[in-house]
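# Structural overview for review
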Amino acid sequence: MRKSEALEPHTATSSHCSKKQPRLKTGRRLQRIIAAASVLLLLTAGDAEAIHAAAPRTNPQTVYPGQRQHMLGHDQRIILIDAGHGGIDGGTSYGSILEKDITLAISRRLFLLLRADGFDTILNRTGDYAPSDENLWLRSRSRHLRDLAQRKELAETLPANVVVSIHINWAKSPSKHGPLVLYRQEGRSFLLARTIQDQLNKLYRMKNDPVQGKPFYLLNKITATTVIVEAGFVSSPADREKLCTPKGQEEIAEAIANGIAAYLMEV
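Description of the structure in this document. (Residues numbered from 1 in each chain as written. Predicted model: local features only at pLDDT ≥ 70, side-chain atom pairs only at ≥ 80, totals over all residues. Heavy atoms only, no water.)

### A word on the packing of helix α4 (residues 99-116) against helix α9 (residues 246-266)
Note the following rule: Geometry is summarised by axes, namely lines fitted to C-alpha atoms with helices restricted to the contacting stretch, and by angles between N-to-C directions that run from 0 to 180 degrees. Counting from the N terminus, the helices are DSSP H or I runs at least four residues long and the strands are E runs at least two residues long. For this classification, under 35 degrees means roughly parallel, over 145 means roughly antiparallel, 65 to 115 means roughly perpendicular, and everything else is oblique. In a left-handed crossing the near helix is turned counterclockwise from the far helix by less than a right angle, and in a right-handed crossing that turn is clockwise. Note on contacts: a residue pair is in contact if any heavy atoms of the two residues lie within 4.5 Å. Residues are sorted three ways: Asp, Glu, Lys and Arg are charged, Ala, Val, Leu, Ile, Met, Phe, Trp, Tyr, Cys and Pro are nonpolar, and all the rest, Gly among them, are polar.
Close contact between α4 and α9 brings their axes to 8 Å; oriented N to C, the two are set at 50 degrees. When the interaxial angle is binned, α4 and α9 end up oblique. As for how α4 packs across α9, the hand of that crossing is right-handed. Residue-level inspection shows A105, I106, R109, L110, L113 and L114 of α4 in contact with α9, the latter providing P246, Q249, E250, I252, A253, E254, I256, A257 and I260. Here the residues of the contact of α4 with α9 sort into 11 nonpolar, one polar and three charged.

### Topic: the sheet that holds strand β8 (residues 225-233)
Definition in use: Any two strands are treated as partners once DSSP identifies two or more bridges connecting them.
Strand order in the open sheet formed by six strands is β4-β1-β5-β8-β6-β7, with mixed pairing between adjacent strands. Where the open sheet ends on each side, the last strands, each with one partner, are β4 (120-123) and β7 (211-212). Sheet analysis places strand β1 (residues 78-83) next to strand β5 (residues 162-169), joined by five bridges and oriented parallel. Directly across from A83, in β5, lies its bridge partner I166. Sitting on the sheet, α4 is in contact with β1, β4, β5 and β8, with an inclination near 145 degrees to β5. Relative to the sheet, helix α6 (residues 187-204) contacts β5, β6 (180-183) and β8, its axis offset from that of β8 by approximately 20 degrees.

### Structural notes on the packing of aromatic side chains
As a reminder of what qualifies: Put simply, two rings from Phe, Tyr or Trp (the six-membered ring, in Trp's case) pair if the centres are within 6.5 Å, and we call them stacked under 30 degrees between planes, edge-to-face over 60, tilted for the rest. Think of it as a cone above the ring: NZ of Lys or CZ of Arg counts as a charge over the ring if it is within 6 Å of the ring centre and within 35 degrees of the ring normal.
Across all of its chains, the model carries one aromatic pair by this definition. Positioned above the aromatic ring of Y94 is the side chain of R240, whose terminal nitrogen or guanidinium carbon lies 3.8 Å from the ring centre.

### Overview of the environment of W170
With respect to the helices, strands and loops of the structure, W170 is situated in the loop between β5 and β6. Sequence separation between W170 and F233 is 63 residues, and the spatial gap between their C-alpha atoms is 5.0 Å.

### Focus: α9
To keep things clear, this is the line we draw: A helix is expected to span 1.5 Å for every residue after the first. Here the term buried applies to any residue with accessible area under 20% of the maximum for its type, exposed to any over 50%, and partly exposed to those in between, with areas from a 1.4 Å probe on protein chains only.
Taking 1.5 Å per residue, 21 residues should reach 30 Å; α9 reaches 31 Å between its end C-alpha atoms and fits that length. Taking burial as the measure, the 21 residues of α9 include 15 buried ones, the bulk of the element.

### As for the nonpolar core
Here is the rule we go by: Joining through side-chain atoms within 4.5 Å is the link that ties buried Ala, Val, Leu, Ile, Met, Phe, Trp, Tyr and Cys residues into a set, and such a set is a nonpolar core.
I106, L110, V164, I196, V229, I256 and I260 are the most contacted members of the largest nonpolar core, which totals 39 residues. Breaking this core down by element, the ones donating at least two residues are β1, α4, β5, β6, α6, β8 and α9. For L110, the residues in contact, after removing those within four places along its chain, are I81, I166, A253, I256, A257 and I260. One finds L80, L148, L218 and A224 within the second-largest nonpolar core, a separate group that totals 17 residues.

By themselves, these observations are geometric and do not establish any function.
This is the structure in structure tokens:
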């Protein structure tokens, strides 16, 4: 993730976000995303079963797949997976490795794992495109602001109960490594961040604490319980082994899924 993910300053250009604009494409866009998610699920159902069968999950809360399916089968809570960046927005990078590609790969796996366990889950980006391309309702010259506003709009339109935004970190020092989950100053957001952080800590063998992400747009603007998951540092050789391999991406998705499940069993 880059610093530009934070809230933009209030300027004449960005002030339009406080006004009600005609939402020309919101309903159509939502239908397309839901349809795409359904197609993705059907096309990759075999992979989802293979992933699920090959990697039985346990954690300190003893959350088993059967328990999660039973729990979510009796309510309508919707989980929105926000695959960071996309299209013209590559995110952070290391050589030819782009954040947008890693976030999509992890998000797809996370979507399949959650759906296989009976969770009502939507993936907001199924390919390499920017949500800003579909935002024709916000009158702003800032493509970045239109992108963030479109992500928020989907979360509100569903409406989502839980939003997990997937990102990748970068640092000048290659020794800086490990996962980090950002939350807003609100109890449920902290609980979700805590359960996901605990699971990622187990995977990375670390003891990081979740951090309050004060300036970030999605944390401040989305009504639903929202966290941002920085799944690792692309600048770290150790983290790249997980971030850039199918096995590592699967393990990261598994850890995040376990954290989401543990949170939903607590609230």
